[in-house]
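Results of the structural survey
If you want the building blocks of each chain, they are given just below.
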Amino acid sequence: MAPGSTPRASSAGFVSRHAFFAAPHRPAAVLLTIAQPQFNDGREEALHSYIFARPDVESKLRNSPQAIIQAIEEFTQKQRMIIYSAVKIEKSRSLLASMPSPPKTLLEAGTYIGNSAIAWGDILRSLNGGSAEGVKVYTFELDENFVKIARDLVQLAGLQDIVTVMQGKSTDLIRKLQEESAIAQVDVLFLDHWEEAYLPDLQLCEELALFRKGSVVLADNTDYPGAPQYLAYVKAGGQGGEGHVKYESVSHDTKSKKGVPVSQEFSFSVQMEAWS
Ligand SMILES: C[S@@+](CC[C@H](N)C(=O)[O-])C[C@H]1O[C@@H](n2cnc3c(N)ncnc32)[C@H](O)[C@@H]1O
């Protein structure tokens, strides 16, 4: 999609997500070589139809998160989609598996069609010995059509007891969950919505004291489309000062299908007390 054009039914945030195409720090060569993401033009409904019309939907896909993720991946070979790729999921799986205690609560900002939410549900359940007890993934999405598709896929994956798809703005929903005491602590925060919201949502989790020592924050696309303020913040270790989270942060590079390097930022809250 050309910069400046609009999707069929625009999602809130679309324009600002694409504002980076005109960002002065982006070299022109990069602008020309990276295919621009397209979404909300009917491809999400096409994915839904593709999955549910498959002859093996009941025999192979039902209650099999990994088979569903693979089916989504197969569909994306024909139609590009703005999903967290299988290679990133596997990298994240290893990272979460290395946490000293298995993560039980994960917040995801940016559900889209539910691909990564299904992966998180599957990963957390398996890291907790195959049990759904106390394991929760809350995922947030602005677009009501995407929410419906994600809920259907989560249900197909048999993860509805673990994964809750919530419609609305991530900031409002994080606050709501905390106010309703649905969450007291967050083991993993995954940021995969519009990049300008990464830092405000991270700081909201800090303000609400949702992190513990050892909580992990994963952020996708920190280099492109790019979340420069967020990156600067976590790379500096956080804002500093008494009561604030101190982060240690490392970038992981993977390559997109077209060979374009894309970066994820894995940040660990290593200290919750005063620091200087
Ligand atoms: C890159 S996609 C997420 C991909 C998804 N994690 C996956 O792997 O399938 C980003 C999604 O974030 C949603 N979004 C953007 N800003 C948001 C916000 N502030 N709150 C909730 N959802 C948001 C968009 O509508 C879009 O569907």
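Structure: above.
To keep things clear, this report deals only with the structure shown in the data block. (Residues numbered from 1 in each chain as written. Predicted model: local features only at pLDDT ≥ 70, side-chain atom pairs only at ≥ 80, totals over all residues. Heavy atoms only, no water.)

1. A short note on the packing of aromatic side chains
One pass over the full model with this rule turns up ten aromatic pairs. Each ring, one from Tyr84 and one from Trp120, has its centre 5.9 Å from the other, and the planes form 45 degrees; the classification is tilted. Separated by 36 residues along the polypeptide, Tyr84 in the loop between α5 (65–78) and α6 (86–97) and Trp120 in helix α7 (residues 115–127) bring together distant segments of the chain. Each of the two residues, Tyr84 as well as Trp120, counts as buried. For the pair Tyr112 and Phe146, a centre-to-centre distance of 5.0 Å together with 85 degrees between the ring planes defines the contact as edge-to-face. Here Phe146 lies in helix α8 (residues 144–156) and Tyr112 lies in the loop between β1 (105–109) and α7, a separation of 34 residues in the sequence. The burial state of Tyr112 is the same as that of Phe146; both residues are buried. Within the aromatic cluster, the residues linked to one another by ring pairs are Phe39, Tyr112, Phe146 and Trp194. (Phe/Tyr/Trp six-rings, centres within 6.5 Å; stacked < 30°, edge-to-face > 60°. Helix = DSSP H or I, 4+ residues; strand = E, 2+ residues; numbered from the N terminus. Buried < 20%, exposed > 50% of the residue type's maximum accessible area, 1.4 Å probe, protein only.)

2. Topic: the site of the ligand
In the region of the ligand, 18 residues are neighbours, and Tyr84, Gly110, Ser116, Glu141 and Asp192 sit closest. Measuring from an oxygen atom of the ligand, one finds a backbone N or O atom of Tyr84 at 2.8 Å. Note that a nitrogen atom of the ligand is positioned 2.9 Å from one of the backbone N or O atoms of Ser170. Relative to its unbound accessible area of 610 Å², the ligand is 98% covered by the protein chains. Mapped onto the shell around the ligand, the elements with two or more residues apiece are α7 and β2 (136–141). (Near = heavy atom within 4 Å. Polar contact = N/O pair within 3.5 Å; in protein donor to acceptor, adjacent residues only side chain to side chain. Areas by Shrake-Rupley, 256 points an atom, 1.4 Å probe, with all protein chains shown as cover.)

3. Side note on helix α12 (residues 228–235)
When α12 is considered as a whole, its buried residues turn out to be Tyr230, Leu231, Tyr233 and Val234. Buried residues in α12, looked at end-on, bunch into an arc of 165 degrees, giving them a common side. Of the exposed residues in α12, the ones pointing more than 90 degrees away from its buried face are Pro228 and Gln229. (Arc of directions from axis to C-beta.)

4. Structural notes on the pairing of strand β3 (residues 163–167)
In terms of strand pairing, β2 meets β3 through five bridges, oriented parallel. Each residue of the ladder has a partner; that of Thr139, found in β3, is Val165. Handedness of the crossover joining β2 and β3 through α8: right-handed. (Pairing = 2+ DSSP bridges. Right-handed = clockwise from strand over helix to strand, strands pointing away.)

5. What about the packing of helix α3 (residues 43–52) against α8?
Put simply, α3 and α8 touch, their axes get as near as 10 Å, and they point 20 degrees apart. Comparing their axes, α8 and α3 come out roughly parallel. The way α3 lies across α8 gives a crossing that is left-handed. Counted together, Glu44, Glu45, Leu47, His48, Ile51 and Phe52 of α3 and Asn145, Phe146, Ile149, Asp152, Leu153 and Leu156 of α8 form the full contact between these two elements. Tallied by class, the residues present in the contact of α3 with α8 amount to seven nonpolar, two polar and three charged. (Axes fitted to C-alpha atoms, helices over the stretch in contact; angles between N-to-C directions. Parallel < 35°, antiparallel > 145°, perpendicular 65-115°, else oblique. Left-handed = near helix turned anticlockwise from the far one by under 90°. Contact = heavy atoms within 4.5 Å. Nonpolar A, V, L, I, M, F, W, Y, C, P; charged D, E, K, R; others polar.)

6. Concerning the nonpolar core
Counting residues in each nonpolar core, the largest one holds 47 residues, and the members touching the most others are Leu96 and Trp120. When residues of this core are assigned to their parent elements, the largest contribution, seven residues, is made by α8. Setting aside chain neighbours within four positions, we find Leu96 in contact with Pro103, Leu106, Trp120, Ile123, Leu124, Leu127 and Val188. Among the nonpolar cores identified, the runner-up in size contains 28 residues, and Val186, Leu204, Leu210 and Ala219 belong to it. (Core = buried A, V, L, I, M, F, W, Y, C linked by side-chain atoms within 4.5 Å.)

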